[in-house]
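Below are the chains, spelled out letter by letter.
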Amino acid sequence: MEELEVKQALDDLANKWNVEESIYDLHLGRRDDVSDSQLVVNEVVFHIPYLTRDKTFVLWRCLWPDCHNCCERQGRLPLTRDDISLISNKMGYDSESEFIQKETRISSWNETSTMNNVITTISMISLKRKENENEDQDGKPLPCRFLDDCGSCKIHPDKPGVCWLYPFSSWMESSNGKPVVHASYQLTGDCPGFYTDKTSQPMMEIFQEYSKRIFSYNMSILRTTREKYGFINIVQ
Ligand code: SF4
Ligand code: SF4
């Protein structure tokens, strides 16, 4: 997302939620004291921003059901092979190919980590966020058609894997010939759940829970690319 779009999203967020000044500035790249604090939980390397001047970690917790901003401003819903089976079934399709033809489209995009140290090009089958979604809307925030009036997801718990991961993004890197799963925050200005704390302790339960989700999602991504339902290239 462009800086201007992130700023607009943050300003909208700040009308409704308390967004700490340091969190606001971090999103806009205005902090020059950010270091990459790495925490390994259940084989997943979390990259947590540490603000060295304030001596604080950037932490997160979900504010649902008071908030459902990520579903109101959903940018893209890429599907793994497992997602395709689950969601086509949930939506009442007997045939996955008919589901793919009617309910999905192809998305292609580049992804960077919070610390801008990984660039990945990705093409995947994505669930349409609205019935007549078109190519120009790829990556642009839209209210998701599966969000109900109470702020719940109509296809939960069979929602796409990316919805279970938010606000983390994740990727795999090779270390000594072995694939290692990494995760960092998506700082798009859409989530009011970020805050700062002197220790990362308040988030330990979340790291435990999300490490399992993130690891299993990456294994699912491997199956997806192996079966040629998606393509991922690490550029750098
Ligand atoms: S935007 Fe953030 S706080 Fe709100 S529901 Fe989504 S993850 Fe939770
Ligand atoms: S599929 Fe469900 S969880 Fe995912 S963005 Fe849509 S409403 Fe939200």
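Structure first, text after, so check above.
Residues numbered from 1 in each chain as written. Chains lettered and ligands numbered in written order. Predicted model: local features only at pLDDT ≥ 70, side-chain atom pairs only at ≥ 80, totals over all residues. Heavy atoms only, no water.

A. The arrangement of the side chain of Asn-69 in detail. Looking at the element boundaries, Asn-69 is found in helix 3 (residues 69-72). In contact with Asn-69, not counting residues within four places along its chain, are Leu-13 and Asp-190. (Helix = DSSP H or I, 4+ residues; strand = E, 2+ residues; numbered from the N terminus. Contact = heavy atoms within 4.5 Å.)

B. Spotlight on the pairing of strand 6 (residues 168-175). Pairing analysis gives 8 bridges linking strand 6 to strand 7 (residues 178-185), with the strands arranged antiparallel. Bridged to Ser-174 within strand 7 is Pro-179. Between the antiparallel neighbours strand 6 and strand 7 lie 2 residues, among them Asn-176 with a positive phi of about 50 degrees. (Pairing = 2+ DSSP bridges.)

C. How the structure looks around the pattern of salt bridges. Per the stated rule, a full pass over the model turns up 17 salt bridges. Linking Asp-158 and Lys-90 is a salt bridge whose minimum nitrogen-to-oxygen distance equals 3.5 Å. Of the two residues, Asp-158 sits in the loop between strand 5 (119-127) and helix 6 (161-165) while Lys-90 sits in helix 4 (residues 81-90), which places them 68 residues apart along the sequence. Taking relative accessible area as the criterion, Asp-158 reaches 17% and is therefore assigned buried. If you follow the salt bridges from partner to partner, you end up with Arg-31, Asp-32, Asp-33, Arg-53 and Asp-54 in one network. (Salt bridge = Lys/Arg side-chain N within 4 Å of Asp/Glu carboxyl O. Buried < 20%, exposed > 50% of the residue type's maximum accessible area, 1.4 Å probe, protein only.)

D. Fine view of the nonpolar core. Phe-46, Trp-60, Phe-168, Tyr-185, Phe-194, Met-203 and Ile-214 are the most contacted members of the largest nonpolar core, which totals 38 residues. Per-element tally for this core: the top contributor is helix 7 (residues 204-226), with 6 residues. In this structure, Leu-77, Leu-79, Ile-84 and Leu-127 belong to the second largest nonpolar core, which totals 11 residues. (Core = buried A, V, L, I, M, F, W, Y, C linked by side-chain atoms within 4.5 Å.)

E. Region of the structure containing the packing of aromatic side chains. If you walk through the whole model with that rule in mind, you get 9 aromatic pairs. Look at Phe-168 and Tyr-210: their rings are 5.5 Å apart centre to centre, the planes differ by 50 degrees, and that puts the pair in the tilted class. With Phe-168 in strand 6 and Tyr-210 in helix 7, the pair connects residues that are 42 residues apart, well separated along the chain. For the residue pair Phe-168 and Tyr-210, the accessibility class agrees, reading buried in each case. The lysine or arginine in question, Lys-159, covers the ring of Trp-164, its NZ or CZ lying 4.3 Å from the ring centre. The cationic tip of Arg-213 hangs over the ring face of Tyr-210; the distance from NZ or CZ to the ring centre is 4.4 Å. (Phe/Tyr/Trp six-rings, centres within 6.5 Å; stacked < 30°, edge-to-face > 60°. Lys NZ or Arg CZ within 6 Å of the ring centre and 35° of its normal.)

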